Amino acid sequence: MSAASGASAPRNRLAVAGARSTTEAMLRNQPRGDVIRNAIFAGLLLLAVCIALAGLLALLIQAFAKGSSALTLDLITNPPSTAFPDKAGYRPAIIGSLQLIAGVMLFVVPVGIGAAIYLEEYADGSRWWNRLIEINIQNLAAVPSIIYGILGLAFIVRGPMDLGFILAAGSLTLALLVLPMVIIASREALRAVPDSIRQGSLALGATQWQTIRTQVLPASVPGIATGVILAVSRAIGETAPLLLVGATVFVTFDPTPFGSDGYSAMPVQIFNYALRPQEEFQALAAAGIIVMLVVLLAMNSFAIWLRNRYEQRW
Amino acid sequence: MLQSESKRYGERAIKWLLASCAVLSVLTTTAIVFSLIGPTIGFFEVVPADDFFFGVDWTPQFEPPSFGVLSIVAGTLNVALWGMLFAIPIGLGSAVYLSEYASPRVRRTIKPALEVLAGIPTVAIGFFAVSFILPEIIVPLWPGELLGGAEGKPFLALAAGLGIGLMVVPIIASISEDAMSAVPRGLHEGAYALGATKAKVAVRVIFPAALSGIVASIVLAISRAVGETMIVVLAAGSTPKFTLNPVESIQAMTSYIATTATGDISTGTVDYKSVFAVGTVLFVMTLVMNVVSIRLVRRYREVYE
Amino acid sequence: MNSSKWLAAIGAAMILALGVAACGSSDDETASGNGAGGGGDLSGSIRIDGSSTVAPLTEAVAEQFMAENSGVRVTVGTSGTGGGFEKFCAGETDISDASRAIEPEEEQACKKDGVGYEEVHIATDALTVMINNENPVSCLTVDQLAAIWGPDSKIGIWSEIPDLKESFDEELALFGPGTDSGTFDYFTESINGEEGVSRRDYNNVGEDDNATVKGVEGSPGGMGYAGFSFYTENEGSLKALEIDNGKGCVPPSVETAQDGSYAPLSRPLFVYPSEQALQKPEVKAFVAYYLENAGSVAESLGFVPLTDEQLTEAEAAAEKAGL
């Protein structure tokens, strides 16, 4: 706030004081009806927020209550068992999920960042093919996950790629599902870098790629990393596409990426346990949910911490 | 001296490499369309189109089979309808609260909570819907025999609907709140200066100004609700019924695809092709909704300065 | 923090994930649980698919087999008896679980694709009609069941069932498997006289017989049919109907299924290994193991083990087939 010149300073102070007291008087003397209506309105809004939070709390509490009995170390080390539910666990599913997301990251990081760099730095926005690409990405982000399952079934598992019902196929399907998210998040991160950086670099004689590689990309890495982590956490929780590309449920051995003996994943295993009426399996399903929620919470918190810590203010 | 060090064609190669990454998105869409079209056409060679689009009986596995897709479309809309009736007031209410009423400290606690809700896997929400919402909330609170009563039914459209509603509340809340925060302070201040109350400012000034973002968030939420699979499979049942009654068990398009196509199914049968036909309907529906939401945003966007 | 450190971090995370995965997959001993000391020099994989009724028994036998032969991997799918045969005859699976005998069309399909097989009778099932605990009805005749489940049936309330002795006004909520299920085939053939003929407006659970249990448990007027094991696993929460086939009401049980008095719903359960699969030593061993051990596992899981007579017959047939 620029300081007023000496002569008008007392006048300014007077004006400000006058304005403040008038506004406060107005706000204080509102008609009774208005005050009540405002209070009710504010109350309703608060109620809405509380209902949303109550729903979240109820979900967490119920999962914990139902699943705490099954939360033993066995859960992580034992394979699933139909005959002995008290000894059953999630081991192949956990390993399957880990391998799946390793595959997703292997695909999505280079391709997603590459696409984002192209669209932000190289593409001429007025050309029809670039607009087509952008429209496609927007639409793909809104396609239901089960359609990606159909895509995987018809194209990756069978059809042209014909990989069979292997874990790598599931990984690729999930990667295609979250790719639009990564592209969009990376574009935002790239866009946040001010143009002056690019111009300066080019003015000093660097080529476009050198500029991107040494200036733009490093500056946008935290934003990109956040986007990748959020996309991966979405991929971990997806069930529907995996059901269609062959995540068989009764697998007691540890899956491998290219093994054709079948594989499983956490959400799919939880789903199967949830379908069985016996109490022990319901508890197992709830316990699996707790494990997943803890992992996802950790990942999302990490992503947010990343964003806050390394975000650069220009 | 101003010559760059790297050779020109290296640059172009990189550009093409990056472009191919981006073109993958177009290839994906093409692949989706292709994988749906073939079997769908095969399907319509066996099943007449008006039986499919206008029939209300979906029993593809019986002899003789009946392929009226309206039955499962109604199931999808049933669940989505009740979900949105829950999510819109809760989501918008939360958004208005967060952007107009909440202190920064409150906002800092509630926003992450909503993000947590957004990150919960749908299988967990589905489990919650069928094992808690159904028995502990719907059955005790549902008024007696209204619309057939909620007693004694292990699967209810309403349970899935509320689960889906809970799932999309964060979408509506966070996008609407962003839209409302983007409205310049000048409009707020001007309204207050003219003597408007807080409620009036929120409803009459900010809300209409942010309308495009709000509507976009709702359409996006509907799109998510229509495409949701796991919650419906776990909580809504598997009986196709042409009804919008919330206390019935129904089958949605997504649950039909999931339960029919699970694992290895043999190619070539009409059942197999019906999965793709239903997939096409679903794909087209969400595509249309997406296009509509983009158009709406463009049309109603208020540009400031 | 510069970008190379970031890339290193992401790379490290991925390598860690792959490392855990790799460690896991080479660690077969622990994976198979506390078995009789792992070992065995059999290795390979066995693909089994088919009936959701037989699957729990196959899964339990497979678990024990894998505990003793840690090099073998057995996967069990549940596409239904019909779905299983489709894949079996296309050469996609090694063994097909079936809750009914293979049908002529399926035999043809197998022959066409050059898939030979053996039929191994491994247990018996007492297909159970389950009702809710609140239901006062205890016995129904086959004719009454046909009236309820027939293709033109319009019965919507229990009191509409002809000749019902008890009075019960609840709405009829029907649950049953889908058309790929051997249970569906067997039930419709025994009750309605022809396979595949059934009313359509019941809750179709596909291959998920647990949903039948859940459904009947949750509806006072519920009625559903599924394999005996699904009843015994949930015995306190459901009732099993006694069936009157003209000779009085007979409840489903191990004894009534073995002596044949629980008619017409007691049925043999089979596994069909293909001749190609039997070339593999691990498959041969598995089928032999199955015959030997099904009996001890069967009853605890709610299946009806073979009588000694049936067992000798089955073993003789297996001997002849070279097992």
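These numbers come from a predicted model, not from an experiment.

Asks: Just to check I follow, could you spell out the overall build of chain C for this structure?
Replies: What chain C contains, in helices and strands, is 13 helices and 13 strands. For chain C, the residues scored as buried account for 54% of the 323 residues in total. Residue pairs in contact within chain C that sit at least 24 positions apart in sequence constitute 77% of those at least 6 positions apart.

Asks: In this structure, what is going on with the overall build of chain B? I would like to understand it.
Replies: When helices and strands are counted, chain B shows twelve helices and two strands. In sequence order, the secondary structure elements of chain B are arranged as α-α-β-β-α-α-α-α-α-α-α-α-α-α. The C-alpha extent of chain B, read off along each of the three principal axes, is 70 × 70 × 35 Å. Among the 305 residues that make up chain B, the fraction classed as buried is 54%. Approximately 13400 Å² of chain B is accessible, and the part contributed by carbon and sulfur atoms is 65%.

Asks: I tried to follow the nonpolar core on my own but got confused; where do I start?
Replies: Of all hydrophobic cores here, the largest spans 198 residues; its most connected members are A:Y118 and A:L242. Formed by 43 residues, the second largest nonpolar core is a distinct cluster that contains C:V137, C:V142, C:Y231 and C:A257.

Asks: What exactly am I supposed to notice about the state of the cysteines here?
Replies: Should the sulfur atoms of two cysteines be covalently bonded, the bond is a disulfide. All names here are of chain C. Applying the stated criterion across every chain, the model contains two disulfides over all chains. Note on cysteine connectivity: C89 is disulfide-linked to C110, with sulfurs 1.9 Å apart. Torsion about the S-S bond of the C89 and C110 cystine: about -75°, corresponding to left-handed handedness. Separated by 21 residues along the polypeptide, C89 in helix α4 (residues 81–89) and C110 in helix α5 (residues 104–112) bring together distant segments of the chain. In this model, C139 is linked to C249 through a disulfide, with the two sulfur atoms separated by 1.9 Å.

Asks: Any chance you could explain the side chain of A:S145 here in plain terms?
Replies: All names here are of chain A. Residue placement: S145 occurs in helix α6 (residues 145–157). What makes S145 buried here is its relative accessible area of 10%. What S145 contacts, discounting residues up to four positions off in sequence, is L177, E238, A240 and P241.

Asks: Just to check I follow, could you spell out a nonpolar patch on the surface for this structure?
Replies: Residues and elements named next belong to chain A. On the surface, I36, I40, L44, L47 and I51 cluster together into a nonpolar patch covering about 460 Å² of accessible area. Looking at the secondary structure, you find L47 in helix α2 (residues 32–67). The class of L47 is partly exposed, set by a relative accessible area of 47%.

Asks: Please clarify how the confidence of the model for chain C should be interpreted in this entry.
Replies: Close inspection of predicted coordinates is inappropriate for parts of the model with low pLDDT. Residue and element names in this part refer to chain C. Here chain C averages 81 in pLDDT, and 87% of its residues register 70 or above. Looking at the elements of chain C, mean pLDDT is at its lowest for helix α2 (residues 28–31), recorded as 37, and at its highest for strand β5 (residues 128–132), recorded as 93. This prediction of the complex comes with two scores: 0.83 for pTM and 0.87 for ipTM.

Asks: Just to check I follow, could you spell out the packing of aromatic side chains for this structure?
Replies: In this description, an aromatic ring pair is defined by two values, namely the gap between the centres and the angle between the planes. All names here are of chain B. Enumeration according to the criterion identifies 30 aromatic pairs over all chains in this entry. Here the aromatic rings of F128 and F132 are separated by 5.2 Å at their centres, their planes lie at 10°, and the arrangement is stacked. Taken together, the residues F128 and F132, both in helix α5 (residues 122–141) and four residues apart, mark about one turn of the helix. The exposure class assigned to F128 is buried, which follows from its relative accessible area of 4%. Here a set of aromatic residues connected by ring pairs shows up, and it is made of F43, F44, F52, F53, W58, F67 and Y256. Taking the ring centre of Y101 as reference, the NZ or CZ of K198 above it sits at 4.8 Å.

Asks: How do you make sense of the sheet that holds strand β12 (residues 249–250) of chain C when you look at a structure like this?
Replies: Strand pairing in a sheet relies on backbone hydrogen bonds, with the paired strands running either antiparallel or parallel. Residue and element names in this part refer to chain C. Spatially, the three strands line up as an open sheet ordered β6-β11-β12, and their pairing is mixed. This sheet does not close on itself; its edge strands, each paired only once, are β6 (139–141) and β12. Of the strand pairs in this sheet, β6 and strand β11 (residues 242–244) are connected by three bridges, and their pairing is parallel. Counterpart to L140 in the pairing with β11 is I243. Packing of helix α6 (residues 142–149) onto the sheet brings it into contact with β6 and β11, and relative to β6 it is tilted by some 80°.

Asks: For this particular structure, what's the right way to read the interface of chain A and chain B?
Replies: Put simply, an interface is often sized by how much accessible area is lost when its parts join up. Taken together, the contacts link 75 residues of chain A with 77 residues of chain B. Buried surface at the junction of chain A and chain B, summed over both partners, amounts to about 6500 Å²; 77% is from carbon and sulfur atoms. Run the count over chain A and chain B and you get zero salt bridges. At the surface where chain A touches chain B, the tally comes to five residue pairs in polar contact (both at pLDDT 80 or more). Here the residues of the side of chain A that touches chain B are counted per class, giving 55 nonpolar, 16 polar and four charged.

Asks: Looking at this model, I keep getting lost on the packing of helix α4 (residues 91–122) of chain A against helix α9 (residues 208–237) of chain A. Mind explaining?
Replies: Relative orientation and spacing of two packed helices are given, respectively, by the angle between their axes and the distance between those axes. Residues and elements named next belong to chain A. Following both chains from N to C, one finds α4 and α9 inclined at 135°, their axes separated by 9 Å at the closest point. Between α4 and α9, the angle falls in the class oblique. Judged by the sense of rotation from one axis to the other, the crossing of α4 with α9 is right-handed. Between α4, through I101, M105, V109, I113, I117, E121 and Y122, and α9, the contact on the second element is made entirely by Q208, W209, I212, V216, L217, I224, V228, V232 and I236.

Asks: I would appreciate a short explanation of the pattern of salt bridges in the present structure.
Replies: When charged atoms on two side chains of opposite charge get close, those side chains can pair. Inspection of the entire model under this criterion finds 17 salt bridges over all chains. Close ionic contact of C:E106 with C:R100 constitutes a salt bridge, the shortest N to O distance being 3.0 Å. Given the relative accessible area of 13%, C:E106 is considered buried. For C:R100, a relative accessible area of 7% gives the class buried. One salt-bridge network, held together by shared partners, links A:E120, A:E134, A:R187 and A:R191.

Asks: It is not clear to me how the side chain of A:N136 should be interpreted in this structure. Could you clarify?
Replies: With respect to the helices and strands, the residue A:N136 is situated in helix α5 (residues 128–142). The buried category is assigned to A:N136, whose relative accessible area is 8%. When residues no more than four places from it in sequence are discounted, the contact partners of A:N136 are B:S25, B:V26 and B:T29.

Asks: Mind showing me how you'd approach a negative patch on the surface here?
Replies: On the surface, a cluster of negative charge is made up of B:E145, B:E151, C:E134, C:D169, C:E170 and C:E171. By secondary structure assignment, the location of C:E134 is in the loop between β5 and β6.

Asks: Where do I start with α5(B) in this structure?
Replies: Structurally, the α-helix is built with 3.6 residues per turn, so residues lying three or four positions apart point the same way. The first and last C-alpha atoms of α5(B) sit only 25 Å apart over 20 residues, clearly below the 28 Å expected at 1.5 Å per residue. The principal kink in α5(B), of about 55°, is found at B:I133, preceding the proline B:P135 by one to four residues.

Asks: Mind showing me how you'd approach the pairing of strand β9 (residues 222–226) of chain C here?
Replies: One face of the sheet, then the other: side chains in a regular strand alternate in exactly this way. Residue and element names in this part refer to chain C. The buried fraction of β9 amounts to five of the five residues, a majority that puts the element mostly inside the structure. Of the two faces of β9, the one holding G222, G224 and A226 and the one holding M223 and Y225 are both buried throughout. Across four bridges, the pairing between β5 and β9 is antiparallel. Paired with M130 across the bridge in β9 is G224.

Asks: For this particular structure, what's the right way to read the sheet that holds strand β3 (residues 95–98) of chain C?
Replies: Residues and elements named next belong to chain C. Strand order in this open sheet of five strands is β2-β1-β3-β13-β4, and the pairing throughout is mixed. The sheet terminates laterally at β2 (72–76) and β4 (120–126), the two strands that pair on one side only. Taking each pair of neighbouring strands and ignoring which way they run, the sheet shows an average axis angle of 20°. Against the sheet, helix α3 (residues 55–68) contacts β1 (44–50), β2, β3 and β4, and its axis sits at roughly 170° relative to β2.

Asks: Quick question: what am I supposed to make of the pairing of β5(C) here?
Replies: All names here are of chain C. When you tally the buried positions in β5, you get five out of five residues, the bulk of the element. Where β5 and strand β10 (residues 238–240) come together, three bridges link them in antiparallel fashion. By the bridge assignment, N132 is partnered in β10 with L238.

About the criteria used
- Residues numbered from 1 in each chain as written.
- Chains lettered and ligands numbered in written order.
- Predicted model: local features only at pLDDT ≥ 70, side-chain atom pairs only at ≥ 80, totals over all residues.
- Heavy atoms only, no water.
- Helix = DSSP H or I, 4+ residues; strand = E, 2+ residues; numbered from the N terminus.
- Buried < 20%, exposed > 50% of the residue type's maximum accessible area, 1.4 Å probe, protein only.
- Contact = heavy atoms within 4.5 Å.
- Areas by Shrake-Rupley, 256 points an atom, 1.4 Å probe, with all protein chains shown as cover.
- Core = buried A, V, L, I, M, F, W, Y, C linked by side-chain atoms within 4.5 Å.
- Disulfide = S-S within 2.5 Å.
- Patch = residues over 30% accessible without salt bridge, like charges linked within 9 Å, V, L, I, M, F, W, Y side chains within 5 Å.
- Salt bridge = Lys/Arg side-chain N within 4 Å of Asp/Glu carboxyl O.
- pLDDT = per-residue confidence, 0-100.
- Phe/Tyr/Trp six-rings, centres within 6.5 Å; stacked < 30°, edge-to-face > 60°.
- Lys NZ or Arg CZ within 6 Å of the ring centre and 35° of its normal.
- Pairing = 2+ DSSP bridges.
- Axes fitted to C-alpha atoms, helices over the stretch in contact; angles between N-to-C directions.
- Buried area = accessible area lost by both parts, 1.4 Å probe.
- Polar contact = N/O pair within 3.5 Å; in protein donor to acceptor, adjacent residues only side chain to side chain.
- Nonpolar A, V, L, I, M, F, W, Y, C, P; charged D, E, K, R; others polar.
- Parallel < 35°, antiparallel > 145°, perpendicular 65-115°, else oblique.
- Left-handed = near helix turned anticlockwise from the far one by under 90°.
- Lys, Arg positive; Asp, Glu negative; His and termini not counted.
- Charge placed at Lys NZ, Arg CZ, Asp CG, Glu CD.
- Expected span 1.5 Å × (residues − 1).
- Bend = angle between axes of the 7 residues up to and from the residue.

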